[in-house]
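Spelled out from the first residue to the last, the chains are:
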Amino acid sequence: MGHGKYRDCLPQLNNVRLLTDGGIETTLIFDEGLQLPYFAAFTLLGDKEGRRALYRYYERYCEVARARQTGFVLDSATWRASADWGQKLGYTRTDLDEANRNAVALLFELRKEFELDQPFVISGNIGPRGDGYVAETVMTAGEAEDYHYPQVASFDAAGVDMVSAITMTHAGEAAGIAQACARRNLPLALSFTVETDGRLPSGQQLSDAILEVDSVISRRPAYYMINCAHPDHFRDVIEPGAYWSLRIAGLRANASRLSHAELDEAEELDDGSATELAEDYANLLTRLPNLRVFGGCCGTNHNHVDAIAGACLVAETA
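For the structure given in this document, a descriptive report is provided here. (Residues numbered from 1 in each chain as written. Predicted model: local features only at pLDDT ≥ 70, side-chain atom pairs only at ≥ 80, totals over all residues. Heavy atoms only, no water.)

1. Overview of the overall build of the protein
Next, step 1: Of the regular secondary structure elements, the protein holds 12 helices and eight strands.
Next, step 2: A globule of 318 residues ought to have a C-alpha radius of gyration of about 20 Å, and the protein, at 17 Å, matches this closely.
Next, step 3: Projecting the C-alpha coordinates of the protein onto the three principal axes gives extents of approximately 45 × 45 × 45 Å.
Next, step 4: Buried positions account for 58% of the 318 residues belonging to the protein.
Next, step 5: In the protein, the share of contacts with a sequence separation of at least 24, taken over all contacts with a separation of at least 6, comes to 79%.
Next, step 6: For the protein, the accessible area works out to roughly 12400 Å², and carbon and sulfur atoms hold 45% of it. (Helix = DSSP H or I, 4+ residues; strand = E, 2+ residues; numbered from the N terminus. Rg over C-alpha atoms; globule rule 2.2 N^0.38 Å. Buried < 20%, exposed > 50% of the residue type's maximum accessible area, 1.4 Å probe, protein only. Contact = heavy atoms within 4.5 Å. Areas by Shrake-Rupley, 256 points an atom, 1.4 Å probe, with all protein chains shown as cover.)

In structure tokens form, the structure reads like this:
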């Protein structure tokens, strides 16, 4: 399996529907009982037992994809593996580069084991510079490009097929990541999060954020996603047939209907109903007909993604 083999031909851009994983941090913390300082799953790569825990986490999803005869987007456990968070955790820039590369290397091992006829796409995952629930660190596109470029470069060197930037809270940071990916010729899936009113944490409309990013950069993201929000929070803001709605090709929703503030304070995991969430996804297909990547976020695990697959995917042959 060569590095970057899907970089120039992402299957999800060719009408292939793929699964991806769910809430990695909430699963590891609440279900596995692991300690993740600052929600930083990449810290588990530092020892053999932690690495095994990450491998087991991905294995469950890969087995779902196999059983459903569908492909999969393997997203690295690097949502917090950028400079500011690394500094809080005692990681130097060299340490972070190694961690990002090691996280991607784990995905190559999984692809070697599980990929058969359906594509397993390897994606380097980028999270926000600040809190994913609050637009506290607002940046211009230039500032965001400078900040996120080292992580993008690490992913490129590691041979990823693409980059996923998730839980974006404002358009400036999103545009900067897009510019950083363009510098390395890497396809980008750009995912915004929204509050219960369907607006970004910055207060901007989702439609305006997508249109803004597409208008200010020369190489647009390959597609957009929505993550870390329940379908109830954004269903009514979708405009079927509108250009910006048709740019949305991925969904990683929460199982919980709680707001970001409520989730932040929750001491117990709200995993909602896998069946209800799957029905919500299926119903959204009529409003978002270009959805191609199906996964979850906070409170979801492989059972949720399996239910979503049953509701949304048709087995496809190579």
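2. Digging into the packing of helix α6 (residues 171-183) against helix α7 (residues 206-216)
Next, step 1: Interaxial distance between α6 and α7 falls to 9 Å at its minimum, and their mutual angle equals 35 degrees. Regarding α6 and α7, the two cross each other, and that crossing is right-handed. Contact with α6, carried on its side by Ala171, Ala174, Ala175 and Gln179, involves Ala209, Glu212, Val213 and Val216 of α7 and no other residues of that element. (Axes fitted to C-alpha atoms, helices over the stretch in contact; angles between N-to-C directions. Left-handed = near helix turned anticlockwise from the far one by under 90°.)

3. Considering the packing of aromatic side chains
Next, step 1: Enumeration over the complete set of coordinates arrives at seven aromatic pairs.
Next, step 2: Between Tyr38 and Trp85 the ring centres are 5.8 Å apart and the planes differ by 55 degrees, which places this aromatic pair in the tilted class. Taken together, the positions of Tyr38 in the loop between α1 (24-31) and α2 (48-68) and Trp85 in helix α3 (residues 83-88) put the pair 47 residues apart, joining distant regions of the chain.
Next, step 3: For Tyr38, a relative accessible area of 43% puts it in the partly exposed group.
Next, step 4: Exposure remark for Trp85: the relative accessible area of 7% places this residue in the buried category.
Next, step 5: Relative to Tyr224, the ring of Phe192 lies with its centre 6.3 Å away and its plane at 10 degrees, an arrangement referred to as stacked. One end of the pair, Phe192, is in strand β5 (residues 188-192); the other, Tyr224, is in strand β6 (residues 223-227), and 32 residues separate them in sequence. Side by side, Phe192 and Tyr224 carry an identical accessibility label, which is buried.
Next, step 6: Through a chain of ring-to-ring contacts, three or more aromatic side chains come together here, namely Tyr57, Tyr58, Tyr61, Phe72 and Phe120.
Next, step 7: For the cation-ring pair, Arg80 lies above Trp85, with the distance from its terminal atom to the ring centre recorded as 3.7 Å.
Next, step 8: Of note, Arg183 hangs over the ring of Tyr149, and the distance from its end group to the ring centre comes to 3.7 Å. (Phe/Tyr/Trp six-rings, centres within 6.5 Å; stacked < 30°, edge-to-face > 60°. Lys NZ or Arg CZ within 6 Å of the ring centre and 35° of its normal.)

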